[in-house]
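Descriptive analysis of the structure
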Amino acid sequence: MINQIKNISFIFTFFIFFTATSNLVNAQVVVDIAITEPDHHLAEVRVSFEKTSLETLDVQLPTWRTGRYEILNLANGIRKFSAIDQSGNTLSWQKTDKNTWQINNTKNKQVTVHYQVYANQLGKRTRHIDDSHAFLDASAVVMYTAQQRNKQHLINLNVPKGWRSATGLEQGNNNHQFIAKDYDVLVDSPIETGIQKVHHFKVDGREYELVIWGEGNYDEQQMAKDLAIIVKQAKYIWSDYPFSRYVFMVHATSGARGATEHLNSTIIQRSRYSFHKRDDYLGFLSTAAHEFVHTWNVKQYRPEGLFPYDYQQENYTSLLWVSEGSTSYLQNQLLLRGDLMTKKEFFKMLAKRITSYQHKPGRDLQSVAEASFDKWISQGGDYGQNHSVNIYSEGFLVSWMLDFSILSATDNKKSYRDVHNLLYKNYRLPHAFTEQDMLTILQQLTGQDYQDFWQQNVHGYAKPDFSKLLAKAGLKMFYSDDNKTKVFSGIKTKPHQNGLTVTAVEKDSPAWQAGLTVGDIIIAVDGLRIAHKQLDERLNDFDPEQAVKVTFFRRDQLTTKTVKLAAMPKAKLTIKVVDKPSKAQKAFFKAWTGLDLVN
């Protein structure tokens, strides 16, 4: 009975609030969200739809959210669903699938639904509520109807005293009221409300906001200063900016990490202690640059298959590598041209990507186009490494190859940046681009046919010649001058109470050939119990090419196999400037990065 009284009070309070404010804008769908029990991650939501001509009305939550190409259980936190008409009469309903509620007898009636939301999915960047904030991605909070998806939405928030709300949405008549042109804008404009650290800055007439939730070892003044530099560099890629205001939301937290792009905002989650060290802070800047590039690439131009979004099922495209991998590639343009990444750091990043490619057997089993199409069912871990490629990393490499091909074909006058600017100019939403559109742009820029390149590197298994690529820009890669080597087994492990659990085995490596696999629990090498936290520490006692006996448990049975070790360079791959770069190499490097090539 107490809960029922609370619900009635909630509905009555919002009814009065709605009546007093809804006439201020021409809203046809009104969304009221009250943070009722933040300590317990709970909110009450009410969505009021305009009059419908349908006998039954289906209201739904999406099955996935933008920026994460994976089916999610977004309706798993919904309880206490109910529906009424404009007179307050209860409407019967039934749930027809995991995220659809069908309401009966709705013809010529305004329908209002009310439900409770449990929000404790911080790492998925969908919904999270606690006593200090609420992060609300509408995909996981606000129901919609297909018939009124294109209607204007008015969002009213009822939050604890002292909280501040931030979002890329247009503000209404108070600090907790916002307006979305339609549902698609709403789901692409998350709301961060709570106790925040806020910085405002303006660059070239556009307004920016940095909103930080959580304590950490960050320097918020420096973050705002560097973000102001990042946003200024987009002019080197695109002809204009598609927004007048942009919001950087940062969660400094524990456990959750990652980021998601949105229409004119981004949410970045990092460990609260990952801002101070240079490598950590560069990681933050790289993420911010990546998400900012998405403001054009994905949010303004999108591959066919991703527009319009179908929120109820997978959206397939073979070009997701352009959306993500090319974004990873272009983010460095912002950092380099803004002098936020040194050439040494850039070379280190390239070397790391090359090394990753060299140790990814999946590059011979899946094309980047296939990886794009299958992103919805992609797997990580050992299988993903050995049998798949990644739309981010391999998409980066194909973008790099395209960039150098265009630069070479046009005597440095055009680059891959021009491809993306033309996509922005010619295929902005509501249009979408195809593979043929990209091939047409490439031919337009270079005068060359890219069909063979496309078949070989996009639909085939890309095999970059890194030495040749780097040489064009006056660079070279090497391991060390003394050619020292170390033992290579191909095994990755993690500590186990009885030894070391195998977490990955590289395909065709010595361990793979010997028959070791994920899940084996290694307890001894050459008859001696493992006393190290990492297998490599023990294997360093042996010489490359030496055969060792590895004893392990599999299915609780003791087994021993012989692993013939191999050699690999002891030093990490390094990239540096050649001793005497030519005039052509200097010009190429300048056209590529915007920087001068010097030792």
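Look up a bit, the structure's there.
Residues numbered from 1 in each chain as written. Predicted model: local features only at pLDDT ≥ 70, side-chain atom pairs only at ≥ 80, totals over all residues. Heavy atoms only, no water.

1. Quick word on helix H16 (residues 583-593)
- Buried residues of H16: Gln585, Phe588, Phe589, Ala591, Trp592 and Thr593, and no others.
- On its buried face, H16 sits against helix H5 (320-337), helix H6 (343-358), helix H9 (393-409), helix H10 (416-426), helix H13 (466-472) and strand S21 (475-478). (Buried < 20%, exposed > 50% of the residue type's maximum accessible area, 1.4 Å probe, protein only. Helix = DSSP H or I, 4+ residues; strand = E, 2+ residues; numbered from the N terminus. Contact = heavy atoms within 4.5 Å.)

2. Here we look at the environment of Met223
- Within the fold, Met223 resides in helix H3 (residues 220-232).
- Counting along the chain gives 24 residues from Met223 to His199, while the straight-line C-alpha distance between them is 9.4 Å.
- Each residue touching Met223, except ones within four places of it in the same chain, is listed here: Leu210, Ile212, Tyr218, Val250, Phe275, Tyr281 and Phe284.

3. Some points on the sheet that holds strand S10 (residues 133-136)
- Strand order in this open sheet of 5 strands is S8-S9-S10-S15-S12, and the pairing throughout is antiparallel. Whereas interior strands pair on both sides, the edge strands pair on one side only; in this sheet they are strand S8 (120-121) and strand S12 (164-167).
- For strand S9 (residues 127-129) and S10, the ladder comprises 3 bridges, and the chain directions are antiparallel. Each bridged residue has a counterpart across the sheet, and for Ile129 the counterpart in S10 is Ala134. (Pairing = 2+ DSSP bridges.)

4. As for the pairing of strand S16 (residues 197-203)
- Where S16 lies against strand S17 (residues 206-213), 7 bridges are found, and the strand directions are antiparallel. Within the sheet, the bridge partner assigned to Lys197 lies in S17 and is Ile212.
- Counted between consecutive antiparallel strands, the loop separating S16 from S17 contains 2 residues, among which Asp204 sits at a positive phi close to 50°.

5. Quick word on empty space enclosed by the protein
- Summed over all chains, the structure comprises 3 cavities of 30 Å³ or more.
- Put simply, the largest cavity is a space of about 90 Å³.
- Val368, Val389, Glu394, Tyr461 and Ala462 are the residues nearest the centre of the largest cavity, which is lined by 14 residues in total.
- Per element, the largest residue contribution to the lining of the largest cavity is 3 residues, and it comes from H9.
- The residue makeup of the lining of the largest cavity, split by class, is 8 nonpolar, 4 polar and 2 charged.
- Its volume calculated, the second largest cavity comes out at about 60 Å³. (1 Å grid on protein atoms, 1.4 Å probe; cavity = no way out; pocket = protein on both sides within 12 Å on 5 of 7 lines; lining within 4 Å. Points joined across faces, edges and corners; volume = space filled by probe spheres on them. Nonpolar A, V, L, I, M, F, W, Y, C, P; charged D, E, K, R; others polar.)

6. Examining the layout of surface pockets
- Here the second largest pocket defines a volume of roughly 680 Å³.
- Taken together, 30 residues make up the lining of the second largest pocket; nearest its centre are Lys181, Asp182, Val185, Leu263 and Leu429.
- For the lining of the second largest pocket, the elements supplying multiple residues, two or more each, are strand S14 (177-180) and helix H2 (183-187).
- Here the element with the most residues in the lining of the second largest pocket is H2; it accounts for 3 residues.
- In terms of residue class, the lining of the second largest pocket is made up of 14 nonpolar, 6 polar and 10 charged.

7. Quick look at the pattern of salt bridges
- For the structure shown, the criterion picks out 20 salt bridges.
- In this structure, Lys507 and Asp508 form a salt bridge, with 3.5 Å as the shortest nitrogen-oxygen distance.
- Since its relative accessible area comes to 24%, Lys507 is described here as partly exposed.
- Taking relative accessible area as the criterion, Asp508 reaches 49% and is therefore assigned partly exposed.
- One continuous salt-bridge network, built from bridges that share partners, spans Arg164, Glu209 and Arg245. (Salt bridge = Lys/Arg side-chain N within 4 Å of Asp/Glu carboxyl O.)

Taken by themselves, the reported measurements are silent on function.
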